[in-house]
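# Summary of the model geometry
Listed below, chain by chain, are the residues.
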Amino acid sequence: MKLNKKGEGGFMESIVAVMVIVISLTAFLSFLAFSTSQSLEKEADVPTELLSGISIVNGSIETDAKEKIMNIMERNSYRGVRFTLSLDGIYDDSVIFSAGTFDSDVIISRTGSLIAPSDDGRHVPVRYSLAVWL
């Protein structure tokens, strides 16, 4: 690398400096993305067994989630669990099951929808929200 008469680097020196910065940033961001994805995989253990056994009887939601919540809390030592089911459309009903305390800052949750059978032969979409306090 040659310096000019003023002792400053030229174009080739600038390219090397930019490459060092780009490689350093790429390594840092790769490490950050890897460590973040590893920590999320450890916490993403939301109990999905509550989503089974849901049905609609006379326009109301029927489930055995109350007993399942207590078993899940004891087995996984969660501080609290809140499970919400809601119907819109033909039937209009919502149910909230909760147990434990909700004072922790660490919360994992899952929301979505599922199809529940109705006693009149229909298959009805049900929205659910499941939150767990660790």
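For clarity, every value in this text was computed on a predicted model and none was experimentally measured. (Residues numbered from 1 in each chain as written. Predicted model: local features only at pLDDT ≥ 70, side-chain atom pairs only at ≥ 80, totals over all residues. Heavy atoms only, no water.)

## Observations concerning unusual backbone geometry
Test applied: Think of it this way: any DSSP run of H or I at least four residues long counts as a helix, any run of E at least two long counts as a strand, and we number them from the N terminus.
A positive phi angle, close to 55°, is found at asparagine 58, a residue other than glycine. With respect to the element layout, asparagine 58 can be found in the loop between β1 (55–57) and β2 (60–62). Unusually for a residue other than glycine, serine 77 sits at a positive phi of about 50°. Positionally, serine 77 belongs in the loop between α2 (65–76) and β3 (80–87).

## Description of the nonpolar core
Cut-off, in case you're wondering: By nonpolar core is meant a set of buried Ala, Val, Leu, Ile, Met, Phe, Trp, Tyr and Cys residues that side-chain atoms within 4.5 Å join together. Exposed residues in this analysis have more than 50% of their type's maximum accessible area, buried residues have under 20%, and partly exposed residues fall in between, with area computed by a 1.4 Å probe over protein chains only. Here, residues are in contact when the closest pair of their heavy atoms is within 4.5 Å.
Formed by 26 residues in total, the largest nonpolar core has its most connected members in Ile56, Ile69 and Phe83. Breaking this core down by element, the ones donating at least two residues are α2, β3, β4 (93–100), β5 (107–117) and β6 (123–133). For this core, the leading source of residues is β6, giving 5 residues. The contact partners of isoleucine 56, leaving out residues within four places of it in the chain, are Ile61, Leu87, Tyr91, Ala116, Pro117, Ser118, Asp119, Val124 and Val126.

## A closer look at the environment of alanine 65
Looking at the element boundaries, alanine 65 is found in helix α2. For the pair alanine 65 and phenylalanine 97, spaced 32 residues apart in sequence, the C-alpha separation works out to 7.3 Å. Once residues within four sequence positions are removed from consideration, alanine 65 is found in contact with Leu50, Phe83 and Phe97.

## Things to note about the pairing of β5
Stated formally: Only strands joined by at least two bridges in the DSSP assignment are considered to pair.
Relative to β6, β5 runs antiparallel, the two sharing 11 bridges. Residue pairing in the sheet places threonine 111 in a bridge with serine 129 of β6. In this structure, the hairpin formed by β5 and β6 is closed by a connection of 5 residues, where glycine 121 is found at a positive phi of approximately 90°.

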